[in-house]
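In case you want the letters, here they are:
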Amino acid sequence: MASEFFLYIGEDNFAYDNLSLKENIEYWLAIRNVTFSQDVRDKSIKYLFDEINLDKKFYQLSFGQKKKLQLLLLMLVNKPVWIDDPFNGLDKKSIKKITTLISKKAENKGIILLSSHQDIEINEHKTVNLK
């Protein structure tokens with residue numbers, strides 16, 4: 001089954017507006033049967049968000065915070081193949097963090113299919129320009 005190997009999170013409808021950030025994360029992990037220690041989950045959240053109120057409702061998040069939630073879900077569910085446009089709406093600091101995660105995924109024989117309008121610097125990657 002293909003869904004065992006890849007995860008795509010679209011720009012829309014990946015979270016529930018009236019659920020908190022924490023509730024959305026817990027929901028995603030539950031429906032995908034993913035369990036983590038609280039410590040691992042908290043470190044992952046802190047890595048991407050630095051400081052954020054986990055009780056904040058999804059609709060209250062900025063575009064960049066919503067994007068970080070998408071990426072956090074990719075990271076926590078951790079399928080062998082990720083499909084995303086990972087840099088859209090993120091600041092330079094967040095882009096650097098995501099680039100590090102993508103490089104680590106590639107080093108561990110993971111596959112990331114991404115599209116981007118930005119130059120990317122990822123070790124051991126193959127680039128196909130569709131111009």
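Refer to the structure presented above.
The structure contained in this document is the topic of the report that follows.

The rules we used
- Residues numbered from 1 in each chain as written.
- Predicted model: local features only at pLDDT ≥ 70, side-chain atom pairs only at ≥ 80, totals over all residues.
- Heavy atoms only, no water.
- Patch = residues over 30% accessible without salt bridge, like charges linked within 9 Å, V, L, I, M, F, W, Y side chains within 5 Å.
- Areas by Shrake-Rupley, 256 points an atom, 1.4 Å probe, with all protein chains shown as cover.
- Salt bridge = Lys/Arg side-chain N within 4 Å of Asp/Glu carboxyl O.
- Helix = DSSP H or I, 4+ residues; strand = E, 2+ residues; numbered from the N terminus.
- Buried < 20%, exposed > 50% of the residue type's maximum accessible area, 1.4 Å probe, protein only.
- Phe/Tyr/Trp six-rings, centres within 6.5 Å; stacked < 30°, edge-to-face > 60°.
- Lys NZ or Arg CZ within 6 Å of the ring centre and 35° of its normal.

**Describing a nonpolar patch on the surface**
Next up, step 1: A grouping of Y16, Y27 and I31 is seen on the molecular surface, where their side chains present a nonpolar patch of about 300 Å² in accessible area.
Next up, step 2: With respect to the secondary-structure elements, I31 resides in helix 1 (residues 21–31).
Next up, step 3: Given a relative accessible area of 45%, I31 falls into the partly exposed group.

**Comments concerning the packing of aromatic side chains**
To describe a pair of aromatic rings, you give the distance between the ring centres and the angle between the ring planes.
Next up, step 1: Taken as a whole and judged by the stated rule, the model has two aromatic pairs.
Next up, step 2: Between the aromatic rings of F14 and F58, the centroid separation amounts to 5.4 Å while the plane-to-plane angle is 85°, which identifies the pairing as edge-to-face. One end of the pair, F14, is in the loop between strand 1 (6–8) and helix 1; the other, F58, is in the loop between helix 2 (38–49) and helix 3 (63–77), and 44 residues separate them in sequence.
Next up, step 3: A cation sits over an aromatic face here: K66 above F58, 4.9 Å from the ring centre.
Next up, step 4: In this structure, K97 packs its charged tip against the face of Y47, placed 5.4 Å from the ring centre.

In short, shape yes, function no, at least from these values alone.
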